[in-house]
Number of protein chains: 2
Amino acid sequence: MKNDATIRIDIVKAPSSKIKSVDFENLTFGNTFTDHMMVCDYENGEWQQPKIRPYGPIELEPSAKVFHYGQAVFEGMKAFRDNDDTIWMFRPEENFNRINKSSKRLAIPEFPKEYFFKSLEALLKLDKDWIKKGFGNSLYIRPFVIATEPGVSASPGKNYKFMIICSPAQSYYTGEVRVKFSEEFSRAADGGVGFAKAAGNYGAQFYPTNLAKEEGFQQIIWTDANSHEFLEEAGTMNIFFRVNDKLLTAPISDRILDGITRKSLIAMADVYDIPVEVRKISVKEIVEAAKDGSLKEIFGAGTAAVINPINGFGYKGEKYELPKLTESYASFLKDKLMKIQYNLAEDPFGWRYEVKE
Amino acid sequence: MKNDATIRIDIVKAPSSKIKSVDFENLTFGNTFTDHMMVCDYENGEWQQPKIRPYGPIELEPSAKVFHYGQAVFEGMKAFRDNDDTIWMFRPEENFNRINKSSKRLAIPEFPKEYFFKSLEALLKLDKDWIKKGFGNSLYIRPFVIATEPGVSASPGKNYKFMIICSPAQSYYTGEVRVKFSEEFSRAADGGVGFAKAAGNYGAQFYPTNLAKEEGFQQIIWTDANSHEFLEEAGTMNIFFRVNDKLLTAPISDRILDGITRKSLIAMADVYDIPVEVRKISVKEIVEAAKDGSLKEIFGAGTAAVINPINGFGYKGEKYELPKLTESYASFLKDKLMKIQYNLAEDPFGWRYEVKE
Ligand SMILES: Cc1ncc(COP(=O)(O)O)c(C=O)c1O
Ligand SMILES: Cc1ncc(COP(=O)(O)O)c(C=O)c1O
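Residues numbered from 1 in each chain as written. Chains lettered and ligands numbered in written order. Predicted model: local features only at pLDDT ≥ 70, side-chain atom pairs only at ≥ 80, totals over all residues. Heavy atoms only, no water.

Engineer: What is the right way to read the overall build of chain A from this model?
Structural biologist: Assigned secondary structure in chain A consists of seven helices and 20 strands. For 357 residues, the compact-globule estimate of 2.2 N^0.38 gives 21 Å, and the C-alpha radius of gyration of chain A, at 21 Å, lies within 12% of that figure. Each of the three principal axes of chain A carries a C-alpha extent, and together these read 60 × 55 × 35 Å. Within the span of chain A, comprising 357 residues, buried residues form 60% of the whole. Put simply, of all contacts in chain A between residues at least 6 apart along the chain, 73% involve residues at least 24 apart. As displayed, chain A offers around 14,200 Å² of accessible surface, 47% of which is attributable to carbon and sulfur atoms. Each charge sign in chain A was given a centre, from 47 positive and 50 negative side chains, and these centres are 2 Å apart. (Helix = DSSP H or I, 4+ residues; strand = E, 2+ residues; numbered from the N terminus. Rg over C-alpha atoms; globule rule 2.2 N^0.38 Å. Buried < 20%, exposed > 50% of the residue type's maximum accessible area, 1.4 Å probe, protein only. Contact = heavy atoms within 4.5 Å. Areas by Shrake-Rupley, 256 points an atom, 1.4 Å probe, with all protein chains shown as cover. Lys, Arg positive; Asp, Glu negative; His and termini not counted. Charge placed at Lys NZ, Arg CZ, Asp CG, Glu CD.)

Set out below in structure tokens:
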């Protein structure tokens, strides 16, 4: 790693922009990519010069370790355009720290902070026209690292690619969401990689989720692998339960991702005098609260959806519906959080990060 | 899937062979690849025509699901050349069944049997000069499947590539192997993907294994994630313990790979009147057996090494050495199994599979 002053991003611009061909009113989440991407190779024991290149395919040996051993981690973050055309990010340092935490657990070399921020900002400036004004519009940013070294022996690679790709996004609306509390399948083991955004954690959820879909659920809320008695998190969201006026959410652990939305909501709830208990949450208490009417809300918290209200859940063959509230914590907190993200409100926490021209 | 009679493999031969540049006396496991590879794409809801192409890089979108969600599975199998130049495989149907079992758990469409065997045999015939005579020489065969569909939303891909690549191998000798019994980290959760050859299972082991290496161990024997009291398997091998004259090995479960070497050894032990107990094995009993001298051997069983004797283990800061036996089960069974593989002995089990000209 070179020191800060000497970092130059090697930029090759796309000869023309695809932006005209994109219908920004009808975006499917994660399907459209901007004109450029960042690529940085790890070779000879160090991260080489970050490059920005026209967005396009990459070439890898069929024996590249990522294909065989899942040595891959990622992040998800967003950029927003405010009414004065300033571009903001939300707590990007948290994402930076987390990708290195994930990398460490996957035996991937950590990425230098200066490389991350300088290349990310250079990329955002190049593709800034892809960040549209309007509450709910954003640019979804996907940093990821993959092991590129060829070789089918199960050991860490010596070569890696750190990349950043960007996808314009609208408000994430998935329709009504009903979740299944997992009774049999698990997402993560104690002492495993559940706390990391390791690629393999996600593919492992698809099959159980497909089965849940056949039963009429859209997602799964994972329970602990040992007893299936405690509720942990969803596939890409941490989970909050509102019982009467109190919010409950599981503590983070080596099985649960330390979500940035989750911790922001906990901090905001404190400011708005919403009581939050961070503790183990049993399936039993939630089922009982659903039965006696004290369970008012369940919602997921994550970068893509910000907050995703959940309409009902299923457990052991029973289905439970949640009340339709006019004043939900979910919509209150989502609005407050998004207003900070879009520079429509004060930011007492110092969470906004300006991408300077 | 077309029916058997209509399957044609689309073959493009390499213009020239690299074989002359390969030093077959000094192969590093998994680093050299043959002249050809098999590629079959899953598109529009079905597996397309299998193709054989010159071995070379593949192109993927940076948003391909395999990079982000670890939707990838693989297999490991071998081909052998006997003294009459006949090419044999070992129980390939087991590998075929297992890759589909793995695929199913990773929400990857299963691969048709005829495609697998026809394309594999066509590939082996084309690259047969890479399969060298001599006890211990083999061709390591790596079928794998990756999700190729672009898109950074966490859901199963619609497009996949099934590939087979091949790497010539010599006897697998790793030097002395000492293992650490895992006390803290885990490989798999109940209800997870441990029984599948899912890519993510392997990358997740690299970091704990690196830590074990710093303590002087080469590998880890994983224990159950709940209690760390029971010994399960190693990173790429099932594990056998010999206590006095009895072999012990853990039962397969949704955390443990159903190894083909393991089950072949269990069947052979029966023929040779070696008592085998398939049951939960506690760390405690193995530590006690090591202390009182009744622990005679530990060995790993897997396709790459066949049988890998283990010289010692570490647990809770203590190191235990195993006796050096002149007549070990490990070397007896390895020799018997390899003689079947190389057509140097009768095959009462019907395990050999001839690759016909
Ligand atoms: C497993 C998992 N849990 C929770 C989250 C939410 O985290 P964040 O709020 O940082 O996006 C994500 C998505 O990033 C995730 O993948
Ligand atoms: C986790 C794991 N266990 C055990 C084995 C041994 O299985 P087999 O004997 O079928 O090669 C392997 C390798 O394939 C493996 O990856």
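Engineer: What is the right way to look at unusual backbone geometry in this model?
Structural biologist: A negative phi angle characterises most non-glycine residues, just as the trans form characterises most peptide bonds. Of note in the backbone geometry, Asn244(A) takes a positive phi value of approximately 50° without being a glycine. With respect to the helices and strands, the residue Asn244(A) is situated in the loop between strand S13 (238–243) and strand S14 (246–249). Although it is not a glycine, Asp273(B) sits at a positive phi angle of roughly 55°. Tracing the backbone through its elements, the reader meets Asp273(B) in the loop between helix H5 (260–271) and strand S16 (276–278). When its relative accessible area of 69% is taken as the criterion, Asp273(B) is described as exposed.

Engineer: Please clarify how the interface of chain A and chain B should be interpreted in this entry.
Structural biologist: Accessible area lost upon the coming together of the parts is a frequently used measure of interface size. Counting from both sides, the interface comprises 60 residues of chain A and, opposite them, 60 residues of chain B. Surface buried jointly by chain A and chain B totals about 4,800 Å² across both partners, of which 65% is contributed by carbon and sulfur atoms. Three residues stand out in chain A for area buried against chain B, namely Pro62(A), Phe67(A) and Phe206(A), and they jointly supply 14% of the buried area on that side. At the junction of chain A with chain B, the criterion picks out zero salt bridges. Inspection of the chain A/chain B interface yields 16 residue pairs in polar contact (both at pLDDT 80 or more). Secondary structure elements with two or more residues in the side of chain A that touches chain B: strand S5 (58–60), helix H1 (65–69), strand S6 (72–74), helix H2 (92–105), strand S9 (138–147), strand S10 (160–169) and helix H4 (199–214) of chain A. (Buried area = accessible area lost by both parts, 1.4 Å probe. Salt bridge = Lys/Arg side-chain N within 4 Å of Asp/Glu carboxyl O. Polar contact = N/O pair within 3.5 Å; in protein donor to acceptor, adjacent residues only side chain to side chain.)

Engineer: I would appreciate a short explanation of the relation of the copies chain A and chain B in the present structure.
Structural biologist: Between the two copies of the chain lies a relationship made up of a rotation around an axis and a movement along it. Of the two same-sequence chains, chain A is brought onto chain B (RMSD 0.0 Å, axial shift 0.0 Å) by a rotation of 180°. On this basis, the relationship between the two copies can be described by a two-fold rotation axis. Here 100% of the interface residues in chain A have copies in chain B that are interface residues too; the copies meet face to matching face. (Least-squares fit on C-alpha atoms with pLDDT ≥ 70 in both.)

Engineer: Is there a simple way to explain the packing of aromatic side chains in this structure?
Structural biologist: Aromatic ring pairs are described here by two measures, namely the spacing of the ring centres and the angle between the planes. Taken as a whole and judged by the stated rule, the model has 59 aromatic pairs over all chains. With a centroid separation of 5.6 Å and an interplanar angle of 85°, the aromatic rings of Phe74(A) and Tyr69(B) are classed as edge-to-face. With one member in each of two chains, Phe74(A) in strand S6 and Tyr69(B) in helix H1 (residues 65–69) form a pair that bridges those chains. As far as the burial class goes, Phe74(A) and Tyr69(B) line up, both buried. Residues Phe96(B) and Phe117(B) carry aromatic rings whose centres are separated by 6.1 Å and whose planes lie at 55° to one another, so their mutual orientation is tilted. Here Phe96(B) is found in helix H2 (residues 92–105), whereas its partner Phe117(B) is found in helix H3 (residues 113–126), with 21 residues between them in sequence. (Phe/Tyr/Trp six-rings, centres within 6.5 Å; stacked < 30°, edge-to-face > 60°.)

Engineer: Honestly, the sheet that holds S13(A) in this entry has me stumped. Any pointers?
Structural biologist: Hydrogen bonds between backbone atoms are what pair the strands of a sheet, whose relative direction is either parallel or antiparallel. Residue and element names in this part refer to chain A. Ordered in space as S15-S14-S13-S16-S17, the five strands form an open sheet in which the pairing is mixed. Because the sheet does not close on itself, it has two edges, and the strands there are strand S15 (276–278) and strand S17 (306–310). Between one strand and the next, the sheet's axes are offset by a mean angle of 25°, whatever the strand orientation. Inspection of the sheet shows S13 paired to strand S16 (residues 295–302) by six bridges, in the antiparallel sense. Across the sheet, Phe240 pairs through a bridge with Phe299, a residue of S16. Relative to S16, helix H5 (residues 260–271) is tilted by about 130°, and along the sheet it contacts S13, S14, S15, S16 and S17. (Pairing = 2+ DSSP bridges. Axes fitted to C-alpha atoms, helices over the stretch in contact; angles between N-to-C directions.)

Engineer: Explanation requested: the site of ligand 2 in the structure shown.
Structural biologist: Residues and elements named next belong to chain B. Around ligand 2, the structure places 16 residues, and the nearest of them are Lys197, Tyr202, Glu233, Thr261 and Thr303. Between ligand 2 and Thr261, the relevant distance is 2.6 Å, taken from an oxygen atom to a side-chain nitrogen or oxygen of the residue. In the environment of ligand 2, an oxygen atom lies 2.6 Å from a nitrogen or oxygen atom belonging to the side chain of Thr303. In the complex, the protein chains occlude 97% of the 390 Å² of accessible area that ligand 2 would expose alone. (Near = heavy atom within 4 Å.)

Engineer: Is there a simple way to think about H5(B) in this case?
Structural biologist: Since there are 3.6 residues in each turn of an α-helix, residues three or four apart along the chain are aligned in direction. Residues and elements named next belong to chain B. Spanning 12 residues, H5 covers 17 Å between terminal C-alpha atoms, matching the ideal 16 Å at 1.5 Å per step. Those residues of H5 not exposed but buried are Ile260, Thr261, Arg262, Ser264, Leu265, Met268 and Ala269. Looking one or two residues past H5, Asp273 carries a phi angle of roughly 55°, positive in sign. (Expected span 1.5 Å × (residues − 1).)

Engineer: Please clarify how the packing of H5(B) against helix H7 (residues 329–341) of chain B should be interpreted in this entry.
Structural biologist: To describe two helices that pack against each other, one gives the angle between their axes and the distance between the axes. All names here are of chain B. One way to put it is that H5 packs onto H7 with a least axis distance of 11 Å and a crossing angle of 105°. By the angle between their directions, the pair H5 and H7 is classed as roughly perpendicular. Packed against H5, whose contacting residues are Thr261, Ser264, Leu265, Met268 and Ala269, the element H7 presents Leu333, Lys336 and Leu337 at the interface. Per-class residue counts for the contact of H5 with H7 are five nonpolar, two polar and one charged. (Parallel < 35°, antiparallel > 145°, perpendicular 65-115°, else oblique. Nonpolar A, V, L, I, M, F, W, Y, C, P; charged D, E, K, R; others polar.)

Engineer: Hey, could you run me through the nonpolar core in this one?
Structural biologist: Across soluble globular proteins, you tend to see nonpolar side chains buried next to one another. Membership of the largest hydrophobic core comes to 54 residues, with the highest contact counts inside it found for Val66(A), Phe67(A), Ile146(A), Val66(B), Phe67(B) and Ile146(B). Take this core: its biggest share by element is five residues, from H4(A). When neighbours within four sequence positions are excluded, Ile146(A) is seen to be in contact with Ile58(A), Leu60(A), Val66(A), Gln71(A), Ala72(A), Asn159(A), Tyr160(A), Lys161(A) and Phe67(B). (Core = buried A, V, L, I, M, F, W, Y, C linked by side-chain atoms within 4.5 Å.)

Engineer: Any chance you could explain a nonpolar patch on the surface here in plain terms?
Structural biologist: The grouping of Val271(A), Tyr272(A) and Phe332(A) at the surface amounts to a nonpolar patch, some 260 Å² of accessible area in total. Tracing the backbone shows Phe332(A) in helix H7 (residues 329–341). (Patch = residues over 30% accessible without salt bridge, like charges linked within 9 Å, V, L, I, M, F, W, Y side chains within 5 Å.)

Engineer: Would you take a moment to explain the site of ligand 1 for this structure?
Structural biologist: All names here are of chain A. Taken together, 16 residues lie around ligand 1, and Lys197, Tyr202, Glu233, Thr261 and Thr303 are the ones closest in. The separation between an oxygen atom of ligand 1 and a polar side-chain atom of Lys197 is 2.6 Å. For ligand 1, an oxygen atom lies 2.5 Å from a polar atom in the side chain of Thr261. Its free accessible area being 380 Å², ligand 1 has 97% of it covered by the protein chains. Looking at the shell around ligand 1, the elements that each hand over two or more residues are H5 and S16. In terms of residue class, the shell around ligand 1 is built from five nonpolar, seven polar and four charged.

Engineer: What exactly am I supposed to notice about the side chain of His228(A) here?
Structural biologist: Residues and elements named next belong to chain A. Locating His228 in the fold gives a position in the loop between strand S12 (219–221) and S13. From its side chain, His228 meets the backbone oxygen of Glu184 in a polar contact 3.3 Å long. Only 2.9 Å separates the side chain of His228 from the side chain of Thr223, close enough to count as a polar contact. Not counting residues up to four positions away in its chain, the partners in contact with His228 are Ser182, Glu183, Glu184, Phe185, Ser186, Thr223 and Val283.

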